[in-house]
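# Summary of structural features
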Amino acid sequence: VSDTLTAPPGTRSWIRPRHLTSSSQLGRPVLEVLLDSATEFDQQSRPATLLAGRTLATIFFEPSTRTRFSFETAMYRLGGQVLTAESAAHASSVAKGESLEDSVRIIGGYADAIVLRHSEIGAADRAAAVSAVPVINAGDGAGQHPTQALLDVYTIKKELGRLDHLRVGLAGDLLHGRTVRSLAIILSQFPGTELVLISPPSLRLGEDLRMELARLGTPVRETSELGDAVAGLDVLYQTRIQAERFATRADYERLRDIYVVDAALMRRLPDHAVLMHPLPRLGEIDPEVDTDPRAAYFRQARNGVPVRMAVLHWAMSH
Ligand code: CP
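Quick caveat, the model's predicted, so the values are computed rather than measured. (Residues numbered from 1 in each chain as written. Predicted model: local features only at pLDDT ≥ 70, side-chain atom pairs only at ≥ 80, totals over all residues. Heavy atoms only, no water.)

### A look at the sheet that holds strand S9 (residues 274-276)
Put simply, the rule is: For two strands to pair, DSSP has to find at least two bridges joining them. For the purposes of this entry, the term helix denotes a DSSP run of H or I that reaches at least four residues, the term strand denotes a run of E that reaches at least two, and both are numbered from the N terminus. Orientation is described by axes fitted as lines to C-alpha atoms, over the contacting stretch for helices, and by angles from 0 to 180 degrees between their N-to-C directions.
The sheet built from 5 strands is open, its strands ordered S7-S6-S5-S8-S9 with parallel pairing. The strands lining the two open edges of the sheet, one partner per strand, are strand S7 (220-223) and S9. Direction aside, neighbouring strands of the sheet carry axes that sit 20° apart on average. In terms of strand pairing, strand S5 (residues 167-171) meets strand S8 (residues 235-238) through 4 bridges, oriented parallel.

Structure follows, in structure tokens:
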């Protein structure tokens, strides 16, 4: 996020574009700017022409509904235009063997910013290293999903009125879940955050992130029992067991229904708390829960538009 004057090898001196590849880049001051900006866009109090004449490229090597559509909606609402490769693995020249780096160099000549989803951890950093325009990570394998984490904290603030002194339960596939990885780091920026990590032993949060949370001084409790963990929570953040990241289908099938949030489970969640999920969900939240006022996941998904308007404006007006 820092603006440096160091140029990549082979390029002229330049002002580094505002890439966003990891939530680790988002310190408190930038977070506050983005959350305030998202609130203004949410209330429609800013003009819709801020990015008129600018073009966003959305390049997706993995499927998406929420992230791609909300980024594209955000760009249109800011008065800009969108170029999209929604199945980039098949429909871009990567299918002919072109490298990600060359693709990004070329697309950066046509667009003013790139939103990239890729199956490999670190792909967004590789793209950012060669890109003359901002690269925004829309999910890199089991790595990071920083704009999802931004919309998650935006949702928590909107639902609960604060981001400090919260006990947040992160449940499900914490090993492969890029949304929980990004969210845990952002929540650690706020005083009094306590994290309860709820996962089966084989899907525990990775050691790298565990060390990062220790460095940030965030208290962490771990359990494999969802039912016992929910009583004292302010936020229950449920996630999908990620079939696409397992070595075999059998390994996935053994764990896919390990945690189900249903009406019985919701009776154990405090009245003031919220239930969130980055979506898509499979069986891990019973649809009977959808009408519970604490079920915030559809409101959460809608918040993706103002939050991504804030991110695009921040990155592209630099
Ligand atoms: N939450 C999320 O990233 O959803 P999509 O995969 O549909 O973009």
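### Some remarks on the sheet that holds strand S1 (residues 55-60)
Put simply, the rule is: Any two residues whose heavy atoms approach within 4.5 Å at even a single point are treated as in contact.
Taken in spatial order, the 4 strands of this open sheet run S2-S1-S3-S4, and their pairing is parallel. Of all the strands in the sheet, the pair left with one neighbour each is strand S2 (81-85) and strand S4 (135-140). If you compare each strand with its neighbour and ignore which way they point, the axes differ by 15° on average. In terms of strand pairing, S1 meets strand S3 (residues 113-118) through 5 bridges, oriented parallel. Each bridged residue has a counterpart across the sheet, and for alanine 57 the counterpart in S3 is isoleucine 114. Sitting on the sheet, helix H4 (residues 100-107) touches S1 and S3, and the angle it makes with S3 is about 155°. Lying over the sheet, helix H5 (residues 123-130) contacts S3 and S4, oriented at roughly 165° with respect to S4.

### Brief notes about the nonpolar core
Nonpolar side chains in soluble globular proteins tend to be buried together. The cut-off we apply is this: The nonpolar core is taken to be a set of buried Ala, Val, Leu, Ile, Met, Phe, Trp, Tyr and Cys residues, with the residues joined through side-chain atoms within 4.5 Å. A 1.4 Å probe rolled over the protein chains alone gives each residue an accessible area, and that area as a share of the maximum for its type sets the label: buried under 20%, exposed over 50%, partly exposed in between.
Residues Leu150, Leu170 and Leu312 are the most contacted members of the largest nonpolar core, which totals 58 residues. Per element, the largest residue contribution to this core is 9 residues, and it comes from helix H13 (residues 304-316).

### Some thoughts on the site of the ligand
For the record, the criterion: A single heavy atom is enough: if one lies within 4 Å of a molecule or strand, its residue is considered near that molecule or strand. Distance and chemistry together define a polar contact, namely a pair of N or O atoms within 3.5 Å, with one atom able to donate a hydrogen and the other to accept it when in protein, and with adjacent residues in sequence counting only for side-chain atoms on both sides. Using a 1.4 Å probe, the Shrake-Rupley method yields the accessible areas, and only the shown protein chains count as cover for residues. Residue classes follow a fixed rule: Ala, Val, Leu, Ile, Met, Phe, Trp, Tyr, Cys and Pro count as nonpolar, while Asp, Glu, Lys and Arg count as charged, and any other residue, Gly among them, counts as polar.
All residues adjacent to the ligand are Ser64, Thr65, Arg66, Thr67, Arg117, His145, Gln148, Pro278 and Leu279. Between an oxygen atom of the ligand and a side-chain N or O atom of serine 64, the distance comes to 2.6 Å. A distance of 2.6 Å is found between an oxygen atom of the ligand and a side-chain nitrogen or oxygen belonging to threonine 67. In the complex, the protein chains occlude 91% of the 260 Å² of accessible area that the ligand would expose alone. For the shell around the ligand, the class distribution of residues is 2 nonpolar, 5 polar and 2 charged.

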